[in-house]
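Residue-level listing of the chains:
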Amino acid sequence: MSDPYLLPDLVVALATVAGLVIVYRHLGHPDDGLSRRFRWLLFIAAAFYGLRAVGWLVDVWILRAATVGMAVAIPVAALTLAEGLMRRHAPLWIKLIIAGGAVITAVVGILPHMWTSTVFVRLLLVFQVTAFSLIAWIVISRDRSALSAAENATINRISLALIAIFPMLLSDFRGEPFDIPVRMSGLASLIVCWIALNLEDRAQNAFSLAISLVLILAIPLVAALAIGTHLEAGALVTTQIAAMIAAPVFALLIALAALSARRARPRQSVIATLQRTQSLDDYLASLQRLGLSEGFAIVSADALKDFDQLVSAFDSTGAARHQDLPKAPGDDTLEQSQLREFLRRHAGREAFVVSETPLRIAVGTPQGISATTDRDLQAAFGLARLIAERDALKRGTP
C-alpha cells in the first residue's frame, strides 16, 4: 500500500459507517419529525463515508459524483435538524445561501478533473465552513424562552461538542500547506453520535459526560504513544495510530450505548402502559403487543386445579424459577414438586403470579433481550398484581 494515508483514512471511515448505521437502526422508524431529521442526516453521512472509502479504492467517476453529492447534502440536512431542534424555520437568506452553495459546489465537483483540484477542495471547504457557521449562528441566537429547559440543555451540549471537535472536521481538507496525518471528521461524527445516545440517559449530566469523553479519548492516545515510542515512529504515524484505535473504540461504545438504551425501553414502556391501562386484561394485552411478555403464557384458574399448593412455591415477589428448585426431584417438597411439574407441562423456566383472585399465573421462558431482563419481567408482572388488586377493590371482591 504505497499511500501512507490510505489505511488510517479507511479504518476511520469504515468505523464511522458502522457507528452511524448502528445509531440509524437504533432510532428505528420514529413518529416525531425531529428523530426523522436526525435519521436522515445519519443516512447521508453514512453514505458519504461509505462512498468515499470505496472511491479511494476504486477510481470511478460515478462514485466521485455520488460522494460529492453526499458531501454537499450534509450541511443541508444539518440545517433541517437545527430547525427541528429549535422548532422554527431558519431565515430565508440562510436557506438560500446553503442551498445555492450546495448546488454550485456539487456542479463544480462533478466536472472532469475537478475532484482532486485545489479549486474544488477550497470551494468545498469554504462552503462547509460557511454553512456550519450560519447554522451555529442561528442556534446560538435562538429564542431560548420558546424552548423548554431540557431542550435548551440538549442543544447546548450538542453545540459544545461540535465546537470542541470542529478542528477534526477541518482535517478532511488535506493539502498544502497542511500535511494532516488522517481525516478525522468521521471520528468527530462518532463522538457526536455517542454524546447523542448518552443524552437519552437522564442520569447523565454534562460534567460526567465530559469527563467520560476525556477518559475515553485518553485510551487511544496513551496506546498510540506507547506503540509509537516502541516503533520509534514520528508524530504523523503516532497520530494515525491514535485515530485507528479511537474510531473503532467509539463505534463499539455506540453499539453498547444503543444496546443499553434498547434494554431500558421496556421499563419505560411498562410505566407508560400502566398509566393508560383501564383493566388487567388491557394491561396484559399491552405487554404482549409491546413484546414485553414475549415467550410467556397466562394460565387461568381453571387450568390450575391440579396444583392446589403451587402458590406456596412462589417467593414474596410472586416469582418462581426452575433454577431455584433442588437438583434432585426426590428432594422436592410438595410445593416444589407441583412447581416442577407445572413448569414442565408448560415448557417454561419461570413463572409469575399475575393475580390472586382469581388466580392467574404467567409461565414461560424469556425470549432474548426484547423480552426484557428478569428484573423487568418481575416488575411487569408485579404491576399486573397491583392492577388486579385495584380491579378487585372496584368490584368489592375481598
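### Here's the deal with the overall build of the protein chain
Helix and strand counts for the protein chain stand at 13 helices and four strands. Summarising the internal contacts of the protein chain: among those between residues at least 6 apart in sequence, 67% fall at separations of at least 24.

### Quick notes on the sheet that holds strand S3 (residues 350–356)
Across the sheet, which stays open at both edges, the four strands sit in the order S1-S4-S3-S2 with antiparallel pairing between neighbours. On the outer flanks of this sheet lie strand S1 (296–299) and strand S2 (319–321), each paired with one strand and no other. The sheet shows a mean angle of 20° between the axes of neighbouring strands, direction not considered. Sheet topology places S1 next to strand S4 (residues 359–364); four bridges connect them, and they run antiparallel. Within S4, the position partnered with Ala297 by the bridge is Val363.

### Details of the packing of aromatic side chains
A complete count under the given rule lists nine aromatic pairs for this structure. Seen from their ring centres, Trp194 and Phe250 are 6.1 Å apart, and the 80° between their planes marks the pair as edge-to-face. Of the two residues, Trp194 sits in helix H8 (residues 185–198) while Phe250 sits in helix H10 (residues 235–276), which places them 56 residues apart along the sequence. The buried category is assigned to Trp194, whose relative accessible area is 6%. When the centroid spacing of 5.3 Å and the interplanar angle of 25° are considered together, the rings of Phe352 and Phe381 count as stacked. Of this pair, Phe352 sits in strand S3 while Phe381 is found in helix H13 (residues 374–395), placing the two residues 29 residues apart along the sequence. Given a relative accessible area of 1%, Phe352 falls into the buried group. The rings of Tyr24, Trp40 and Phe43 are connected pair by pair, giving a single aromatic cluster.

### Focus on the pairing of S4
Of all the six residues making up S4, five are buried; the element is thus mostly covered by neighbouring parts of the structure. Pairing analysis gives six bridges linking S3 to S4, with the strands arranged antiparallel. Looking across to S4, one finds that Glu356 is bridged to Leu359. Linking S3 back to S4 in an antiparallel pair, the connection comprises two residues.

### Describing the packing of helix H2 (residues 33–57) against helix H3 (residues 61–86)
Viewed as axis vectors pointing N to C, H2 and H3 meet at an angle of 160°, and their least axial separation amounts to 8 Å. The angle between H2 and H3 places the two elements in the roughly antiparallel class. In the packing of H2 onto H3, the handedness of the crossing is left-handed. The class makeup of the residues in the contact of H2 with H3 is 20 nonpolar, four polar and three charged.

### Considering the packing of H3 against helix H5 (residues 118–140)
Contact pair H3 / H5: the axes reach a minimum separation of 10 Å and the direction vectors enclose 5°. The orientation of H3 with respect to H5, classified from their angle, is roughly parallel. Only Phe120, Leu124, Phe127, Gln128, Ala131, Phe132, Ile135, Ile138 and Val139 of H5 make contact with H3, whose side of the interface consists of Val68, Ala71, Val72, Ile74, Pro75, Ala78, Leu79, Ala82 and Met86. Classifying every residue of the contact of H3 with H5 gives 17 nonpolar, one polar and no charged.

### Observations concerning the nonpolar core
In this structure, Trp194 and Phe250 are the most contacted members of the largest nonpolar core, which totals 38 residues. Contributing elements (two or more residues each) for this core: helix H1 (6–27), H2, H3, H8, helix H9 (206–231) and H10. Every residue in contact with Trp194, bar those within four places of it in the chain, is listed here: Leu209, Ser212, Leu213, Ile216, Phe250, Leu253 and Ile254. Membership of the second largest hydrophobic core comes to 24 residues, among which are Val68, Ile98, Leu134 and Val139.

### Notes on the pattern of salt bridges
Opposite charge on two side chains allows them to pair when their charged atoms are near. Applying the stated criterion across every chain yields a total of nine salt bridges. Residues Arg183 and Asp9 are paired through a salt bridge, measuring 2.9 Å at the closest nitrogen-oxygen approach. Of this pair, Arg183 sits in the loop between helix H7 (166–170) and H8 while Asp9 sits in helix H1, placing them 174 residues apart in sequence. Judged by relative accessible area, which is 3%, Asp9 ranks as buried. The network of salt bridges with common partners includes Asp306, Glu341, Arg344 and Arg345.

The rules behind each value
- Residues numbered from 1 in each chain as written.
- Predicted model: local features only at pLDDT ≥ 70, side-chain atom pairs only at ≥ 80, totals over all residues.
- Heavy atoms only, no water.
- Helix = DSSP H or I, 4+ residues; strand = E, 2+ residues; numbered from the N terminus.
- Contact = heavy atoms within 4.5 Å.
- Pairing = 2+ DSSP bridges.
- Axes fitted to C-alpha atoms, helices over the stretch in contact; angles between N-to-C directions.
- Phe/Tyr/Trp six-rings, centres within 6.5 Å; stacked < 30°, edge-to-face > 60°.
- Buried < 20%, exposed > 50% of the residue type's maximum accessible area, 1.4 Å probe, protein only.
- Parallel < 35°, antiparallel > 145°, perpendicular 65-115°, else oblique.
- Left-handed = near helix turned anticlockwise from the far one by under 90°.
- Nonpolar A, V, L, I, M, F, W, Y, C, P; charged D, E, K, R; others polar.
- Core = buried A, V, L, I, M, F, W, Y, C linked by side-chain atoms within 4.5 Å.
- Salt bridge = Lys/Arg side-chain N within 4 Å of Asp/Glu carboxyl O.

What is shown is where atoms sit, not what they do.
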